[in-house]
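# Analysis of the macromolecular model
So the chains spell out like this:
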Amino acid sequence: MAEKGPLKMSAKELISGLVSAKDVEVLIGRIAMEEEWEPLGPTPFPQISTLRSWDHLLLSRYKPFYAPFCDYCCLCTYGKCDLSKGRLGACGLDMKAQTARIVLIACCIGASTHLAHARHMVDHLIEKYGEDYPINLGQDIAIEMPHARLITGIKPKTLGDLAYLLNYCEKEVTQCLSAAHTGQEGNYIDFESKALHVSMIDHLAMEIADVAQIVTFNFPKGDPNAPLTWIGLGVLDLSKPVVLCIGHNVSAGVEVIDYLEKAGLGGPGETVEVAGLCCTAHDIVRYRDQAKIIGPISDQLRIIRSGAADVIMTDEQCIRTNVVYEAQRVKTPVVAVSDKASYGLPDVSELPVEKIVEMLVSGSTPGVFLPDLEKAGAVVAITAIRMAPLRQKFKIIPDPPQIQAQASGCTFCGTCRRNCPIDLPIDQAVFNAKKGDFELLSMLHDLCLGCARCEQVCPRKIPALSLIEAAFQHKIKTEKYRIRVGRGPILDTEIREVGSPIVLGEIPGVVAYVGCANFPNGAREVGIMAREFARRGYIVTLSGCSAMVASYVRNEEGKTIYEEFPGTFDRGGVVNVGSCVANAHITGAAIKIANIFAKRPLRANYEEIADYILNRVGAVGVAWGAYSQKAASIATGCNRLGIPVIVGPQGSKYRRMYLGRAEDKESFTVYDARTGERVWIGPAPEHLIIALETMEECMVWTAKLCIRPNDTTKGRMIKLTHYVDLYKRIYGKLPPDLHYFVRTEADIPITFKEEIMRYLKEVGWKPWEKPSIDPTLLKRLIRAQV
């Protein structure tokens, strides 16, 4: 177990030959981090209330909008309490506060999940490499951990320093979660402030996890030319034993690869295929690009049922909780390595490798719990080799000739469709299959989320998900795509090149497609949107499942976006940063812009940096398939830093948005830091988090939310060109709110000038009297008081 912090000693009186002192407190172990590399800012190691005033400033403009889908609170034994129609619960809580409380709990779950991931990884790596292992991301990255510097004021140098930072994160998550207990916080804005706080901590935890694995496993260190690799079930050579890793913590997958190499069995793919699903897939190819990415979380059940895996290794997060049951249906043994997800399996930590392998191969147990990662690596590799010849015939995906027979029981009752989260016409597809027409079944494959709720409710026990998969088998077994390996952080040298054009608006924006695979209309939409904005000269960044599915769209030449566009953080670049925890590098890039380009002090200076990003850095996050609580905390963490986020229609189930009111001029009136005057800046950005229905809407709002008050006239003209062009393409007319964003005639896009001038005349637009050059929400940043 790693040392979790400095050794603290206290003494009432200390007398030696050189020193005589009273009430002495000595800290040993963190001396290296205390160096004065920059003057300490105002908010080191912020607690819940430290940044509360910043949160209240944000939320006075971006007011929480709630859409509760339950009128009751059932969290204590006084309940259930009906909170509808203005009623209060037994504890005095109203509906707004209760909904904000649920949002806080979701954000705490999300943050604690990344935090627990980081803790497990850092402790494991310290045990393996020692706490003095250096944090070194190469000569092009001097600001190694912008979140750590910004939030805590610490400049981490070793793995031991990361363990120390995790102590702080764990304390803050505990404090925030405790506020959700009965009889604590009662105000919805203060619940939201805590949600913002814990979500900020989430980004720090993600940064710690990813930097720890980058430096120790020698992942790409911000390499814009990180290698291309393959994704898709078609990439596997099924004549070889197959190890399938599922989850988010790659430490266990690394041990499998290390065992294969030490045992003389070669790297991944030589004698044994090592593949991954979800974020652990991103990270095993960052370790060895000969490993394979199978696909996102939504492919999980289908891949398990395909029977392709000879052994499944699960670590943590985003794993189907019935993985052992589903795997057993195709005789695939499971090795669970995380105590956060052990599935009731027997703990075999004390048994020798040979005995555990024998248990799994003989089928005496469907799986084992084995938290010793090195031993688990050996067990998994050997089990795959021994299971492969025994499992050739096992799969539960029917062959096409069997589809009609299994669909024959369908009565077209519609129960499956009514329980589908996205209302797919499963009933019609299965009924058609009953009559020998499989086309609709096949078409559903790209849209289906893979949750199998249709199967759970079917009164005739028809395996609809398996039928969909079977109808598409001919394609998925051969299709494969190119994806760039996750590169990790953005280089300081790249920030120096793009800082100015981003802040001035000449690069129209940075668009980040992040997270889960709960897509409303199939996975292809992310790739279509990413290509659209890369072609328009935006910087496109991707992570997690979104980075995977973006590769499913090819251009006219058959290239994926990773082959079509460079991997540089620059105009028209497409940057895959890596797994979920690599999301911290995207927000970290915004922080670096404020520090490297604008020279704003970074150390423990959260409010000023967030204020800078809100007003100047045209960045927007798009979580089009937002699904988990982690997505909620990632998005809310972006919001505290001043970055707006769009979620897909499923994201409305998070129950809360932060919405500005364009017509409310006072809320968009700020200080001009040069003069201290109050100036109206227009609704830019208009919202901090919004849920949208369609891909077309999302593209329009993406362009719009990249508009910032500080845009130069050239920059504003470029941004409005994209906004107007996308709006007209979809709606066939000019945006009805254009007058809010045209400050002077010089802002008007040349290609639309006559049309826009006519519109502005109709609405009575006048040039703004005082466009702000140095906007800020923070009164303390005014340089000359009026």
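Residues numbered from 1 in each chain as written. Predicted model: local features only at pLDDT ≥ 70, side-chain atom pairs only at ≥ 80, totals over all residues. Heavy atoms only, no water.

## Brief notes about the packing of helix 2 (residues 95-129) against helix 5 (residues 188-217)
For clarity, the threshold we go by: Think of each axis as a best-fit line through the C-alpha atoms, taken over the contacting stretch in the case of a helix, with angles from 0 to 180 degrees between the N-to-C directions. Put simply, DSSP marks the helices as runs of H or I at least four residues long and the strands as runs of E at least two long, and each gets a number from the N terminus on. In what follows, roughly perpendicular refers to angles from 65 to 115 degrees, roughly parallel to angles under 35, roughly antiparallel to angles over 145, and oblique to any angle outside these ranges. Note on convention: near helix rotated counterclockwise from far helix by under a right angle means a left-handed crossing. Clockwise means right-handed. Think of it as three bins: nonpolar holds Ala, Val, Leu, Ile, Met, Phe, Trp, Tyr, Cys and Pro, charged holds Asp, Glu, Lys and Arg, and polar takes everything else, Gly as well.
At a closest axis distance of 8 Å, the pairing of helix 2 and helix 5 adopts a crossing angle of 20 degrees. One finds that helix 2 runs roughly parallel with respect to helix 5. Our pair here, helix 2 against helix 5, has a crossing hand that is left-handed. Its residues assigned to classes, the contact of helix 2 with helix 5 shows 23 nonpolar, 5 polar and 5 charged.

## Comments concerning the pairing of strand 17 (residues 619-623)
We count it as follows: Exposure is judged per residue with a 1.4 Å probe applied to protein chains only, and the accessible area is read against the type maximum: over 50% gives exposed, under 20% gives buried, and values in between give partly exposed. Any two strands with at least two DSSP bridges between them are considered paired.
Within strand 17, 5 of the 5 residues are buried, which leaves the element mostly enclosed by the surrounding structure. Pairing between strand 17 and strand 18 (residues 645-647): 3 bridges, direction parallel. Bridge pairing links G621 to V645 in strand 18.

## Quick look at the side chain of E38
Our working rule: The positive count covers Lys and Arg only, the negative count covers Asp and Glu only, and His and the chain ends enter neither. Here, a salt bridge means any Lys or Arg side-chain nitrogen found within 4 Å of an Asp or Glu carboxyl oxygen. Distance and chemistry together define a polar contact, namely a pair of N or O atoms within 3.5 Å, with one atom able to donate a hydrogen and the other to accept it when in protein, and with adjacent residues in sequence counting only for side-chain atoms on both sides. In what follows, a contact means two residues having at least one pair of non-hydrogen atoms within 4.5 Å.
By secondary structure assignment, the location of E38 is in the loop between strand 2 (20-28) and helix 1 (52-61). Despite its burial, E38 pairs with no opposite charge, the nearest such side chain being R149 at 5.7 Å. One polar contact links the side chain of E38 to the main-chain amide nitrogen of L602, over a distance of 2.7 Å. Among all residues touching E38, those that are not within four sequence positions of it are P601, L602 and R603.

## Overview of the sheet that holds strand 15 (residues 539-543)
Strand order in this open sheet of 8 strands is 3-19-22-18-17-14-15-16, and the pairing throughout is mixed. Edge strands, defined here as strands with exactly one partner in the open sheet, are strand 3 (63-66) and strand 16 (574-578). Across the sheet, the mean angle from the axis of one strand to that of its neighbour is 25 degrees, orientation sign disregarded. Examined bridge by bridge, strand 15 and strand 16 share 4 bridges and lie parallel to one another. Bridge pairing links S543 to G578 in strand 16. Most of the contacts of helix 1 go to strand 3, to which it runs at about 65 degrees, and overall it touches strand 3, strand 19 (656-659) and strand 22 (687-691).

## Some remarks on unusual backbone geometry
In this structure, the amide linkage connecting G79 to the following residue, K80, adopts the cis form with an omega of 15 degrees. Here K80 lies in the loop between strand 4 (72-73) and strand 5 (81-82). Of note, the amide linkage connecting A684 to P685 takes the cis form, showing an omega dihedral of -10 degrees. Structurally, P685 is set in the loop between strand 21 (678-680) and strand 22. Non-glycine residue Q317 carries a positive phi angle of around 75 degrees. Structurally, Q317 is set in the loop between strand 10 (311-314) and helix 9 (323-329). In this structure Q317 comes out as buried when scored by relative accessible area, which is 11%. Backbone geometry at K461 places phi at a positive 55 degrees, although glycine is not the residue there.

## Here's the deal with the nonpolar core
We apply this condition: Nine residue types can take part in a nonpolar core, namely buried Ala, Val, Leu, Ile, Met, Phe, Trp, Tyr and Cys, and a core is a set of them joined through side-chain atoms within 4.5 Å.
Ranked by internal contacts, the top residues of the largest apolar core, which has 219 residues, are I208, V335, Y513, L542, F569 and I646. Here this core gets 17 residues from one element, more than from any other, and that element is helix 5. Beyond its immediate stretch of four places on either side in the chain, Y513 contacts V526, M529, A530, F533, V540, T541, L542, S543, S546 and V622.

## Some points on the pairing of strand 9 (residues 292-295)
For a regular strand, the rule is simple: side chains alternate between the two faces of the sheet. Spelled out, the test is: By convention, a crossover is right-handed whenever its connection, traced from the first strand over the helix to the second and viewed with the strands pointing away, goes clockwise.
As defined by bridge partners, strand 8 (residues 273-277) adjoins strand 9 across 3 bridges and the pair is classed as parallel. Bridge pairing in strand 9 links G276 to I293. Of the crossover connections in this fold, the one passing from strand 8 over helix 7 (residues 279-287) to the parallel strand 9 is right-handed.

## A look at the environment of I730
With respect to the secondary-structure elements, I730 resides in helix 26 (residues 713-731). Apart from residues lying up to four places away in sequence, I730 is in contact with E696, E697 and V700.

## Some thoughts on the sheet that holds strand 20 (residues 669-672)
Taken together, 3 strands build an open sheet; the order of strands is 21-20-23 and the sheet is antiparallel. Edge strands, defined here as strands with exactly one partner in the open sheet, are strand 21 and strand 23 (775-776). Summarising the sheet, strand 20 and strand 23 pair through 2 bridges and their orientation is antiparallel. Looking at strand 23, one finds that D672 is bridged to P775.

## Re the packing of aromatic side chains
Applied cut-off: Centres within 6.5 Å make a pair out of two Phe, Tyr or Trp rings, where for Trp the six-membered ring is used; the pair is then stacked when the planes are under 30 degrees apart, edge-to-face when over 60, and tilted otherwise. Consider the ring centre and the ring normal. A charge sits over the ring if Lys NZ or Arg CZ is within 6 Å of that centre and within 35 degrees of that normal.
Scanning the model with the defined rule gives 15 aromatic pairs in all. Ring centres of W680 and W768 lie 4.6 Å apart, and the angle between their planes is 40 degrees; on these two criteria the pair is classed as tilted. Here W680, found in strand 21, pairs with W768, found in the loop between helix 27 (753-762) and strand 23; they are 88 residues apart in sequence, far enough to count as distant. In terms of burial, W680 and W768 fall into one category: buried. Centroid distance Y727 to Y731: 4.4 Å. Interplanar angle 40 degrees. Geometry classified as tilted. Of this pair, Y727 and Y731 both sit in helix 26, 4 residues apart, which is roughly one turn of the helix. The exposure class assigned to Y727 is buried, which follows from its relative accessible area of 12%. Taking relative accessible area as the criterion, Y731 reaches 39% and is therefore assigned partly exposed. Among the aromatic residues, those joined into a ring-pair cluster are Y723, Y727, Y731 and F741. For K665, the ring lying beneath its charged end belongs to W680, and the centroid distance is 4.3 Å.

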